[in-house]
Amino acid sequence: MAPIGAFSVHRTGVWIRWPADASLGVAMAHDPIASPTTTIADNREPQFVHDEQVAEAARRLESQRARHGRPPNILVYLTDDVGWGDFGCYGGGVAVGCPTPNIDRLAHAGLMLTSCYSEPTCTPSRASLLTGRLPMRHGLQRPPMYGEPGGLGDEITVADILSTAGYHTQCVGKWHLGESTESQPQNCGFDDFYGFLSVSDMYTEWRDPYFFPEIVYSEERTRWIENQPFNKCFVHATRGGEPENVEEVTIPVLTELDDKWCGYSVDFLRRMADQERPWFLYHNTRGAHFDNYPHERFVGRSPGRHPYKDTILELDDIVGRLVATLEETGQLENTLIFISSDNGPEMETWPDAAYTPFRCAKGSTWEGGVRVPGIFHWPGVIEPGQVNDGLFSFTDLLPTLLTLAGLEDFVPADRFIDGVDQASFLLSPDGLSNRKHQYYWLGQMFSALRVGEYKFMMASISDDDTDVHNPGGLTGVSQKYPYGRLYNLYLDPKETRSYLIRKLAYLEAFQNGVRNHLMSFGEYPPKLVVGLNT
Ligand code: CA
């Protein structure tokens, strides 16, 4: 019997045999569906290993190290509920009433990913970004609200590891990974934290008579909510210490939060300029989570003249301020910047909502819920002017950043790491993703698997055709499909036509992908800290 994979594939007009037959001198063509993965370790997601890319990345990192004499600084700029389509470089910007020249400039000078995946909501995404683990592993399957218990707890964050290796670690802005002491940023790897512990609407929605007249106009209910056990202030904390209240987040204070937090990060960057050790700045904006009350400098300034659009202007302006500071202080060349959003648009609050060209929204595992902007910028190391559709998951950030910092041996070995090391993908011009499978989870319900251009869906939120037009993923109904569904994301990016009956040849491969993923939970059992009813 012919070995698996010994078939011909057609690529760019040339028939080639795969796998490569060295005696014939034919190179192996990579294909995200047909090519096999490599097992890195029992506790790691299997991945593609592209030898030439690995060598190219190593060359670039060596040259960077020779120029700067130390590992790179890292700036993660994470926006909130901003859609795949909001920024100009993704087809939004001026076309949707909110020009984003600073972000566009950065994207064009770096690498823009079109298949960057978050999780369906804030907390699961943020925890996956920091731990390299899916929500079924770190246990934060939905956001904790109004002082609810549960958070990162004993998870190991990328900040923990970078910090141990000598990085200065700074967290600014929204946290939302648990309000209990052990889950606060100063106890999860950060030297310093300046921001709020929860999520924007929780601080202000009950103060606004438009949204909550029954609380605002009732002394009893106002007192009742003021006595609820969540901190109404934004805070400052240093490693291991108690957080100190900076200011109560009233609506006027909230309008200035992103400006103040940007100022704090700018001061941090200036302080870091003459430091010997590199730094990791995890800057999380308040915007553009509902309800948006833009800073007075931006009110009515966007062509869209809506608070959401004005807020996007401000988020873009903040990128401009941070990049200008890096330039002025001579640090831009040795800083890796990643810009993204923690999930898709929140459409239940439309029109205070983002834009995505994809199906459905935040809270769902349709593309609109989890496909987010992903921009990498690193002058002289990441080739400028690239747009790439290779798969990238938020979980990939931990192993990737560790490799870029020369700390690849410090990926935790005592727990399952879902993240794939994508350093060679990011650093090689026109690189190939090292990730074969993108897994979609709705709380504890496995939803879908993407391989190449195909998405095999076993369960999802709602099946109402109206959700194609984004009424919102949080109000949908979860449902399982008896036979599964298959979408071709290139032919049908809005996922409106199941293609399974025409493509049954793929079924076994996709089911195997799901099976192997689910089997990994045998040796590494799932964890539930904050759950979702699915
Ligand atoms: Ca969010």
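Residues numbered from 1 in each chain as written. Predicted model: local features only at pLDDT ≥ 70, side-chain atom pairs only at ≥ 80, totals over all residues. Heavy atoms only, no water.

1. Observations regarding the sheet that holds strand β16 (residues 454-461)
What holds strands together in a sheet is hydrogen bonding between their backbones, with the strands either parallel or antiparallel.
Next, step 1: In space, the four strands of this open sheet follow the order β14-β15-β16-β17, with antiparallel pairing throughout. Looking at strand neighbours, the two that pair on one side only are β14 (437-442) and β17 (478-488), the edges of this open sheet. The sheet shows a mean angle of 20 degrees between the axes of neighbouring strands, taken without regard to direction.
Next, step 2: In the sheet, strand β15 (residues 445-451) pairs with β16 via four bridges, with the strands oriented antiparallel. (Pairing = 2+ DSSP bridges. Helix = DSSP H or I, 4+ residues; strand = E, 2+ residues; numbered from the N terminus. Axes fitted to C-alpha atoms, helices over the stretch in contact; angles between N-to-C directions.)

2. A few points about unusual backbone geometry
Next, step 1: Here Gly 287 and Ala 288 are connected by a cis peptide whose omega angle stands at 0 degrees.
Next, step 2: Note on placement: Ala 288 falls in the loop between β9 (279-284) and α10 (307-328).
Next, step 3: In this structure, the amide linkage connecting Phe 290 to the following residue, Asp 291, adopts the cis form with an omega of -5 degrees.
Next, step 4: Assignment of secondary structure puts Asp 291 in the loop between β9 and α10.
Next, step 5: Phi is positive for Glu 495, which is not a glycine, with a value near 55 degrees.
Next, step 6: Summarising the element assignment, Glu 495 is placed in the loop between β17 and α14 (507-523).

3. So, the packing of aromatic side chains
Next, step 1: Under the definition given, this model contains 28 aromatic pairs.
Next, step 2: Taking the centre distance of 5.8 Å and the plane angle of 15 degrees together, the rings of Phe 190 and Tyr 282 count as stacked. On the criterion of sequence distance, the pair formed by Phe 190 in the loop between β5 (168-173) and β6 (192-195) and Tyr 282 in strand β9 is long-range, its members being 92 residues apart.
Next, step 3: Given a relative accessible area of 0%, Tyr 282 falls into the buried group.
Next, step 4: Relative to Phe 521, the ring of Trp 441 has its centre 5.5 Å away and its plane inclined at 70 degrees; by these criteria the two rings are edge-to-face. (Phe/Tyr/Trp six-rings, centres within 6.5 Å; stacked < 30°, edge-to-face > 60°. Buried < 20%, exposed > 50% of the residue type's maximum accessible area, 1.4 Å probe, protein only.)

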